[in-house]
Amino acid sequence: MKKKLSPEKIVNGMLKVASLPMVYVKISEALKNPNTSNKDFEIILSDDPAITARVLRLVNSAFYGFPSQIDTISKAITIMGQQQLHDIVFACSFVNAFKNLPQDVVNMESFWRHSIACGIAARILAVYRRETNVERYFIAGLIHDIGRLVIYTELEEMAREILLNAKESGQLLYKIEQEELGFNHATLGALLLKNWKLPDSLVEAVANHHKPMTARRYRNEVGIIHMADVICHAMQYGTSGDNFVPPLNKKIFDIIDIPAEALSPILDQLSIQNNEAVNFILGDAA
Ligand SMILES: [Fe+2]
Ligand SMILES: [Fe+2]
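The residue numbering used here restarts from 1 in each chain and proceeds along that chain's sequence as written. Written order determines the labels here, with chains lettered from A and ligands numbered from 1. The predicted origin of the model limits local features to residues at a pLDDT of at least 70 and limits the giving and counting of side-chain atom pairs to 80 or more, whereas totals for whole chains, interfaces and linings rest on all residues.

Caption draft 1: How the structure looks around the nonpolar core. Under the definition applied here, buried Ala, Val, Leu, Ile, Met, Phe, Trp, Tyr and Cys residues are grouped into a nonpolar core through C-beta atoms within 7 Å. Exposed residues have 12 or fewer other C-beta atoms within 10 Å of their own C-beta, buried residues have 20 or more, and partly exposed residues fall in between, where C-beta atoms are placed from the backbone. Membership of the largest hydrophobic core comes to 86 residues, with the highest contact counts inside it found for Ala121, Ala122, Val206 and Ala228. The helix count covers DSSP runs of H or I at least four residues long, the strand count covers runs of E at least two residues long, and both are numbered beginning at the N terminus. If one sorts the elements of this core by residue count, helix α7 (residues 108-128) sits on top with twelve residues. Boundaries between domains were set according to an automatic or database domain assignment. Split by domain, this core shows at least three residues from each of two domains, domain 1 (15-97) and domain 2 (100-286). Note on contacts: residues are paired as contacts if their backbone-placed C-beta atoms lie within 7 Å. Aside from chain neighbours lying at most four places away, what touches Val206 is Ala140, Ile143, His144, Ile146, Ala186, Gly189, Ala190 and Leu193.

This is the structure we're talking about:
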């Protein structure tokens, strides 16, 4: 049964509930200006000590594995670059923006575990493929199911119905979403990211993560997020609501060539990095 809901209207209403913190918005603006110094970044971030602390804890964790202590934002930028730091601030802001969610609809800790693991898996796959700016893969993985957060917060009653229906029918959640709402979380999430003016590569990766072959652009990003999502489900690193492992579209191997023998070391790395990053990113937000 299709309900007449407009994904645009839902997302526009959502912006009031979950908007990205001002400090992230300012950092995005600063990044566009080529004259922005590392010190300018540090001054902007000093407006939000909680995010600054979280960023510093994350860059000092085994997730990055830098040999020496990074105690200031300027130092972090010197080592990582402005773009990478901007992306990490986004990751920390994103988790914060959605911390007050209804716990009784889905297990939010499990949701974040799935999202963070997917970000880490995507980053590892990107490193393996020697992609540039691997942080954007981490971000794409982290936010790939953001549409589900919109459904859980804005359409709480329907979300319960959809989750129950998926469980009883043994079908994948995104198919039930499509049937019941007329759209799914991938479409909805992509729309929210567009409203947040995030890069097209992120919008495409989120929009197509369940159907990677439908993407016309950014196929590397889309393919990697699709694969990372399936890996995290298979390894049971949390869930965003699904009870089953979504099928891997084997055609993506035509786009992202990862040989079978690479998989075991990739999974080992994922396990090590995941344990650390979950605590550092979630902090008190879980
Ligand atoms: Fe999904
Ligand atoms: Fe997912």
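Caption draft 2: Quick peek at the packing of α7 against helix α8 (residues 135-143). Axis definition: a line fitted to C-alpha atoms, over the contacting stretch in the case of helices. Angles run 0 to 180 degrees between N-to-C directions. Taken N-terminus to C-terminus, the directions of α7 and α8 make an angle of 150°; their axes are 7 Å apart at the nearest point. Looking at the two axes, α7 sits roughly antiparallel to α8. For the pair α7 and α8, the crossing hand works out as right-handed. Where α7 approaches α8, its residues Ser115, Ile116, Cys118, Gly119, Ile120, Ala121, Ala122, Arg123 and Ala126 are matched on the opposing element by Tyr137, Phe138, Ile139, Ala140, Gly141 and Leu142. For the contact of α7 with α8, the residue count by class is eleven nonpolar, three polar and one charged. Oblique is the label for every angle not falling under 35 degrees (roughly parallel), over 145 degrees (roughly antiparallel), or within 65 to 115 degrees (roughly perpendicular). Should the near helix be turned anticlockwise from the far one by less than a right angle, the crossing is termed left-handed; should it be turned clockwise, right-handed. Gly falls in the polar group here, along with every residue not listed as nonpolar (Ala, Val, Leu, Ile, Met, Phe, Trp, Tyr, Cys, Pro) or charged (Asp, Glu, Lys, Arg).

Caption draft 3: Broad picture of helix α14 (residues 219-234). Taking 1.5 Å of rise per residue, 16 residues should cover 22 Å, and α14 covers 22 Å from first to last C-alpha, within 8% of that figure. Backbone geometry just downstream of α14 places Gln236 in the positive-phi region, at approximately 60°. An expected span of 1.5 Å times one less than the residue number is assigned to each helix.

Caption draft 4: Here's a closer look at the domain arrangement of the protein chain. Partitioning the protein chain into structural domains gives domain 1 (15-97) and domain 2 (100-286). Put simply, the middle of domain 1 and the middle of domain 2, counted by C-alpha atoms, are 23 Å apart. Within the residue set of the side of domain 1 that touches domain 2, elements represented by two or more residues are α1 (7-17), α4 (49-59) and α6 (82-97). Looking at the side of domain 1 that touches domain 2 element by element, the count peaks at ten residues for α6.

Caption draft 5: Local environment of unusual backbone geometry. A positive phi angle, close to 50°, is found at Tyr218, a residue other than glycine. With respect to the helices and strands, the residue Tyr218 is situated in the loop between α13 (200-207) and α14. Given 20 C-beta atoms within 10 Å, Tyr218 falls into the buried group. One non-glycine residue, Gln236, adopts positive backbone phi at about 60°. Residue position: Gln236 is located in the loop between α14 and α15 (260-282).

Caption draft 6: Highlighting α13. With six of eight residues buried, α13 lies mostly within the body of the structure. Along α13, the residues that are buried comprise Leu202, Val203, Glu204, Ala205, Val206 and Ala207. Residues of α13 that are buried make contact with α8, α9 (146-154), α12 (185-195) and α14.

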